[in-house]
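Each chain, written out:
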Amino acid sequence: MTPTAKPASAALQRDEMGGTTCPPLFIQLNQLLSTAAGLEWREKARWIKFEEKVEEDGERWSMPHVPVLCLHSLFQLRTCLQEGMVLLDLEALSFKEIIDKALSGQPEEAELQPELKVQLAALLLRQPRHQPSTALLQRLAQLSTSPCRGRAEGGSEPRAQLSATPLKEQLRNQFQKKIPPGAEAAHVAVGEVEFLEKPFAAFIRLRRGVALGSLAEVALPSRFLFILLGPHAKGNMYHEVGRAMATLLTDELFQRVAWQAEHREDLVTGMEAFLDELAVLPPGKWDPSAHIPPPSCVPSPHRRTTMHPPDWQSQHNGDMAAAADRAGLGCLDSREELERTGRLFGGLLRDIRRKMPWYRSDFSDALHPQCLSAVLYIYLVTVTNAITFGGMLGEATANMQGVLESFLGTAFAGSIFCLFAGQPLTILSSTGPVLVFERLLFSFSQDHGLDYLEFRLWIGLWVAFFGLVLVATEASHLVRYFTRFTEEGFCALISLIFIHDALKKMWHLADTFPINWQYRLDDITSYSCICNLSSLGHSSAGNDTQLPSSMAPWQPPAALAGLSRTQCLGQGGHLLGTSCHYVPDITLVSFLLFGGTFLSCAALKRFRSSRYFPVGVRNLVSDFAIILAILTSCAVDATLGLETPKLLVPSELKPTNPVRGWIVLPFGANPWWICLVSAVPAVLVTILIFMDQQITAVILNRREYKLQKGAGFHLDLLCVSLLMVVTSATGLPWYVSATVISLAHMESLRKESTTSAPGEHPEFLGIREQRLTGLAVFILTGLSVFMAPVLKHIPMPVLYGVFLHMGVAALNSIQLTERVCLLLMPAKHQPDLPYLQHVPLRRVHLFTITQLLCLALLWALKSTTAALLFPVMLLALVGIRRGLERVFSPRDLSWLDSLLPAAAPREAAAGRPRRQAAESGAEEDAQPMHRPAPQASP
């Protein structure tokens, strides 16, 4: 670390060890300008994080941008700090008192004449003209009331004195909403005057924040002041020095130095540290008038103070240590939830003790409008999922489990899980891998003459027993070995299943409502469809346009023509004609609703980052994006009035197959030894349930979601195991955490800061952790049987479009998708990703191809008769990841994945910096498995 950077780092460390934080600063630059009425202070720029300038016409603020400074202005500012007046911890209660003390505290060699002091004090105490920040409606109102007056009247007379109390314009200023809570103000005043022969410069820090009346455009307590006044002919230089001072105060490192400085030298040293990090743009290579947009992320102060390799033994060791800490940040090894206690059920008891204090807040935290949107969204998704998987289960098991069983099981299991689980944000559902096992189990039972439900009951009991053993032995400790490699493979598989099922359903829709590809407009007169009630109609398929002569001796033609399709078929008739099976509008409109819903969901979800409408409207539209898309598509469908396939919900509480009852008896239908043999397939189901449940739990509990209430891996597994007993005994489907739906649930409950500085993205605060949304979803799912008259108006293509959106959103959120795109992208067009800066591109491609091969193998196993090996293959992903350590170096794996627990201590032994500093740097380069959603523009 360079010598000039050490004071900044030391100040940063003292600040943290002392537990104090610097409040954010609002900085305003006022410049003294000559007008027809005399000298006047005018606001020319402002800063919170980035700079905003008053445009040349003086009517509007520029877009927030990264300030570009003149190098000479920084040297001039350093001279001002070295030779000008510096007052630290000044005690004053008003701006007049500050000016008096500043003018009276000058050294003898630089002291001004008394008459100059009077003139200077009178000039500084004049009221500045603030640039108004008016809302759109206010600007329209001003335009309508004074369309020809040009610039709106406002401000004050040039010679008016500064008000000791805030003005009405300050109190009504909408810009106040952009300023973070607890912020203070810093004032920069620059200009040129005739009566000074040499510049007057002063840097002042007040001991405590003081309200300085109408000095700033917003009413905030003031902490810092910088004044630079000088003779004529250098006005632009004064302006640039003022911009440099304001930009310096926005820098977090210098801001902390300025807060803790005890002498002038501390400020100068802090500025030297700022200059050490300065980057210079060569003239002629860029447009100085162009505004540089704010970046999506910036390095933290910790990272800036630890990015100096001379203090480390070598650059390579430094990269290794930083990469190791970065990987360790995403690893679950150090989490309390996964530490072994060495006692039976020790992890479970610790989960219960951890979650109990939060239980009451799990309900009170749900009292927010965002939760209503989440309930409606996840409810419709859950209902669609229950119908889809219930229908597939009915086909696979001869209706031993159908749509009604799927509804009741989802409502019961989900409600119990939300009430007692460790991570209530998880949504339980039937999943693709479980469906594959159910299909194979039913086929095996049919082939060997076994009762399917009784056989399944014993398997479920064994699975519950094995699950209790895993909970008792704290087997959830093994999820430490579930790295990004395993998580992304599983998440990608489930996402592809959602996408495949949505497209498959729509493709089958074209078979149900076929399009007549032979349609010709010129042959429209030959198209007809007539009801044939005669016995001769049994041999006709419906393509003859002429009726047999023996058709209607006993019924008039008028009566035949008046029969509807349903009436005709109900009377035993048959449809004859070329247009009987021609319904072109249904398929076309269904695909339009499907695609329109998918695109609407994606567009409305991104509306949060739109440039249009106020931020509150954008957030509201984004929170209710899925619901708005569904309602819009339903309205279009209702307007067209076509008979598109609708959501069909069971309306009677009776088993789908009348042969079975609601309780499955353990003995009677199968041989007694089945209860023992069932332990063999139960082992495979246990592996499947454990991997499915815990991989999803690891994904949902990753650090980037900033969960505050902790996880409950052991408690979640216990709830799923106990629910296996109930669902097996009642013949209901088995349930486990649904990865895609749970991720959608989490994303719908994102919390962001309500205020953000211009140019700054709203800060992601975490997830609204509570139990009420999931509980309400599952209760509504159970009540859906009684809401069939309302739900029957929702077209199925609309819900399939939501399914497609969920699958695509989950697939786009993982880094694997990003790396697959790199395979098709020329090197010069590849984004500047952190792992590309540290890992050779060919190694990145090799890692990606390995993941794709594993994903293809998982898909092949799921789709073939070898599906029984699917749980084993999920477990094998951990072994494959372990084998990659022989192909990739620990440094490469730390950037592309996470280090396994056994490898992390070795990296720590290689030498890493202090944990506190390393974690800060790791957070910035960490590539979260699930990338955050687009942020709102201010």
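It should be emphasised that the depicted structure is a prediction, and the values quoted were computed from it without experimental measurement.

## Quick notes on the overall build of the protein
Within the protein one finds 37 helices and 13 strands. A burial count over the protein gives 52% of its 938 residues as buried. Taking as baseline every contact in the protein between residues at least 6 positions apart, the subset at least 24 positions apart corresponds to 80%.

## Details of the packing of aromatic side chains
Within this structure, the stated rule accounts for 13 aromatic pairs. Between the NZ or CZ atom of R46 and the centre of the ring of W61, over which it lies, the distance is 3.9 Å. Positioned over the ring face of W734 is R456, at 4.4 Å from the centre of the ring.

## Let's talk about the confidence of the model for the protein
Chain-level statistics for the protein give a pLDDT mean of 78 and a share of 80% at 70 or above. Across residues 308–334 the pLDDT falls below 50, and counting only partners more than four positions away or on other chains, this stretch makes 57 contacts in the model. Contacts for the low-pLDDT stretch residues 536–559, under 50 throughout, to residues beyond four places or in other chains number 31 contacts.

## Overview of the packing of helix α12 (residues 346–355) against helix α26 (residues 713–729)
For the pair α12 and α26, the least separation of the axes is 7 Å and the interaxial angle reads 105°. Taken together, the axis directions place α12 and α26 in an arrangement best described as roughly perpendicular. On the side of α12, the interface is formed by G347, L348, D351 and I352, while α26 contributes F713, H714, L715 and L718. Taken together, the residues that form the contact of α12 with α26 break down as 5 nonpolar, 2 polar and 1 charged.

## Topic: helix α4 (residues 114–124)
When α4 is considered as a whole, its buried residues turn out to be L116, K117, L120, A121, L123 and L124. Along α4, the residues classed as buried sweep out an arc of 160° about the axis, all on the same side. Residues of α4 that are exposed and point over 90 degrees away from its buried face: P114 and V118. For α4, the secondary structure elements touched by its buried residues are β1 (25–35), β2 (38–47), α3 (95–104), β6 (200–211) and β7 (221–230).

Calculation criteria
Residues numbered from 1 in each chain as written. Predicted model: local features only at pLDDT ≥ 70, side-chain atom pairs only at ≥ 80, totals over all residues. Heavy atoms only, no water. Helix = DSSP H or I, 4+ residues; strand = E, 2+ residues; numbered from the N terminus. Buried < 20%, exposed > 50% of the residue type's maximum accessible area, 1.4 Å probe, protein only. Contact = heavy atoms within 4.5 Å. Phe/Tyr/Trp six-rings, centres within 6.5 Å; stacked < 30°, edge-to-face > 60°. Lys NZ or Arg CZ within 6 Å of the ring centre and 35° of its normal. pLDDT = per-residue confidence, 0-100. Axes fitted to C-alpha atoms, helices over the stretch in contact; angles between N-to-C directions. Parallel < 35°, antiparallel > 145°, perpendicular 65-115°, else oblique. Nonpolar A, V, L, I, M, F, W, Y, C, P; charged D, E, K, R; others polar. Arc of directions from axis to C-beta.

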